[in-house]
Structures are given as C-alpha cells and as structure tokens.
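Chain by chain, the residues:
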Amino acid sequence: RLKQQGVVIFLDLSPEQIFERIRHDKNRPLLQTENPLATMHTIYNARKELYLDAAHYHVSTESHTPAEISDLLFCLYNDPQNFSSSWCIPLKK
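First things first, this report covers the structure right here in the doc. (Residues numbered from 1 in each chain as written. Predicted model: local features only at pLDDT ≥ 70, side-chain atom pairs only at ≥ 80, totals over all residues. Heavy atoms only, no water.)

1. Some remarks on the packing of aromatic side chains
Reasoning step 1: Tallied over the entire structure, the rule returns 1 aromatic pair.
Reasoning step 2: Ring geometry for F10 versus Y51: centroids 5.4 Å apart, planes at 55 degrees, classification tilted. Here F10 is found in strand β1 (residues 9-12), whereas its partner Y51 is found in helix α3 (residues 36-54), with 41 residues between them in sequence. (Phe/Tyr/Trp six-rings, centres within 6.5 Å; stacked < 30°, edge-to-face > 60°. Helix = DSSP H or I, 4+ residues; strand = E, 2+ residues; numbered from the N terminus.)

2. With respect to the pairing of strand β2 (residues 57-60)
Reasoning step 1: Pairing of β1 with β2 involves 4 bridges; the strand directions are parallel. Within β2, the position partnered with F10 by the bridge is H58.
Reasoning step 2: With 3 bridges joining them, β2 and strand β3 (residues 88-90) adopt antiparallel strand pairing. The residue of β3 that forms the bridge with Y57 is P90. (Pairing = 2+ DSSP bridges.)

3. So, the environment of A46
Reasoning step 1: Note on placement: A46 falls in helix α3.
Reasoning step 2: Linking A46 and N78, residues 32 residues apart in sequence, is a C-alpha distance of 32 Å.

Okay, here's the thing in structure tokens:
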C-alpha cells in the first residue's frame, strides 16, 4: 500500500548501529530484555525483508553522515531518472 501512495526509501543501518543510537532509550519496550542487542538482531532480521518489499530504494546509511544522506535524498527526490549512487539501490517497483 505504501508503494502506491508515493516513493518509499528504506534507510538501512546495522542492528549494532541502531542499538548504539537507542540503547539508553527506556521508551523501547521491545528492547527491555536480558540481551537487548540480540533482541535488536531478531527484530531487524524479522523486518528487513518487509522493509525491502515495501521500498522503491534501499539506502545503506552505515558509513554516511546525516548531511550526505539528506543530500542523496534531495537529489533522488528532484531527479530520480538521472540519479546514481553506489549506496542507493533501486528496487523492483
């Protein structure tokens, strides 16, 4: 349903990096477990294919700054037909 409403971009980040960013957030009930990083891996693995299926583009944000990511998204939004990036992969529509 998302694909029919507009362009969907999956901003991908490793479970380790996600966990590092949110590990102090106590408002994450799914991560209030004995081993929250293992739980993060389980959640990521369960959801990744769903996110990829719902997306038009897969963007690996692992080694990029917020400014680089926003620049990429801006270029992608403004000229998707002439857009090219090694870390932004078009997916089947």
